[in-house]
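The chain contents come next:
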Amino acid sequence: MGASGPPRPLYSEIKTNLAAVKARIAAAAVAADRQPESVTLVAVTKLQPLERVEAALALGHRAFGENRVQEAKAKWPELRARFEGVELHMVGHLQTNKLRDAVALFDVIESVDRPKLARSLAAELDRSGARPKCYVQINTGSEPQKSGVLPGEADAFIQACRGEFGLPVAGLMCMPPIGEEASLHFALLAKIAAHHGLGELSMGTSADFEVAVTFGARSVRVGTAVFGSRSAP
Ligand SMILES: *Cc1c(COP(=O)(O)O)cnc(C)c1O
């Protein structure tokens, strides 16, 4: 690490956290008769100090998640210029007026959740030629304040994405209600994905990523367990 790199103690803290989360993912995978390598750890960097993100990059981690286009745009072009092979996931609510930036920034867009967005996103892919992977977000708990397609509308929406809207869908994402048994939500997401032959399942956060792995997560989105608590927005 050069003088401009993250300070030593921070570097070892992130190193320890990354190793611990990966070990827990691996143990959960093995217990579920799965290959540990079949699960991608997406380290969620929203509202984290830049030096923590730099430490993870310096340690060789490459899959990251952000929940706001504006915030991602402020940090990732510069980080990508310094570190090769970054895979950036959009995991937050996406406004149609941010689509051009989002498609330019992200490798995976996990939050496709309404017809207007799906249509505009398909048009932006045509226009730009970019090919991010797209996931549909399912509001498995039918929470009014949360983004995502309602479970009862998921089949029709996924079909419309693939047909009418012309948007290739590679997987599903969910964020279970706080305080509820996450496994029920993960099982529901896995069932909808299997019904549509979708391979990518993004589920599980710091609170429940091992459960998500048990229920078939292909990627887990972990923020605080890797980077520590976030600053206020
Ligand atoms: C912030 C966030 C995460 C990570 O949550 P932690 O509790 O920090 O692990 C995962 N998914 C989404 C959609 C998020 O916004």
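Scoring rules and cut-offs
- Residues numbered from 1 in each chain as written.
- Predicted model: local features only at pLDDT ≥ 70, side-chain atom pairs only at ≥ 80, totals over all residues.
- Heavy atoms only, no water.
- Phe/Tyr/Trp six-rings, centres within 6.5 Å; stacked < 30°, edge-to-face > 60°.
- Helix = DSSP H or I, 4+ residues; strand = E, 2+ residues; numbered from the N terminus.
- Buried < 20%, exposed > 50% of the residue type's maximum accessible area, 1.4 Å probe, protein only.
- Pairing = 2+ DSSP bridges.
- Right-handed = clockwise from strand over helix to strand, strands pointing away.
- Axes fitted to C-alpha atoms, helices over the stretch in contact; angles between N-to-C directions.
- Parallel < 35°, antiparallel > 145°, perpendicular 65-115°, else oblique.
- Left-handed = near helix turned anticlockwise from the far one by under 90°.
- Contact = heavy atoms within 4.5 Å.

**Student:** Lay out the packing of aromatic side chains with the relevant residues and their values.
**Tutor:** Per the stated rule, a full pass over the model turns up 2 aromatic pairs. Ring plane angle 40° and centroid distance 4.9 Å describe the contact between Phe64 and Trp76, whose orientation is recorded as tilted. You can see Phe64 sitting in strand S2 (residues 63-66) and its partner Trp76 sitting in helix H3 (residues 69-82), a full 12 residues away along the chain. Accessibility classification places Phe64 together with Trp76 in one group, the buried group.

**Student:** Go over unusual backbone geometry with me, naming the residues and quoting the values.
**Tutor:** One non-glycine residue with positive phi stands out, namely Leu47, at about 55°. Residue position: Leu47 is located in the loop between strand S1 (40-44) and helix H2 (50-58). A relative accessible area of 25% means that Leu47 is categorised as partly exposed. Positive phi, close to 45°, is recorded for Ser142, a residue that is not glycine. Its place among the elements puts Ser142 in the loop between strand S5 (133-138) and helix H6 (151-162).

**Student:** For the pairing of S5, give the residues involved together with the corresponding values.
**Tutor:** Burial within S5 is extensive, with 5 of its 6 residues counted as buried. In terms of strand pairing, strand S4 (residues 108-112) meets S5 through 3 bridges, oriented parallel. By the bridge assignment for S5, Val108 is matched with Lys133. Crossover connection from S4 via helix H5 (residues 115-128) to parallel S5: handedness right-handed.

**Student:** Describe in detail the packing of H6 against helix H7 (residues 182-195), supporting the description with residues and values.
**Tutor:** The interhelical angle for the contact between H6 and H7, taken along N-to-C directions, is 25°, at an axis separation of 11 Å. With respect to their mutual orientation, H6 and H7 come out roughly parallel. H7 is crossed by H6, and the crossing has right-handed handedness. Contacts between H6 and H7 pair Pro151, Ala154, Asp155 and Ile158 from the former with Leu188, Ile192 and His195 from the latter.

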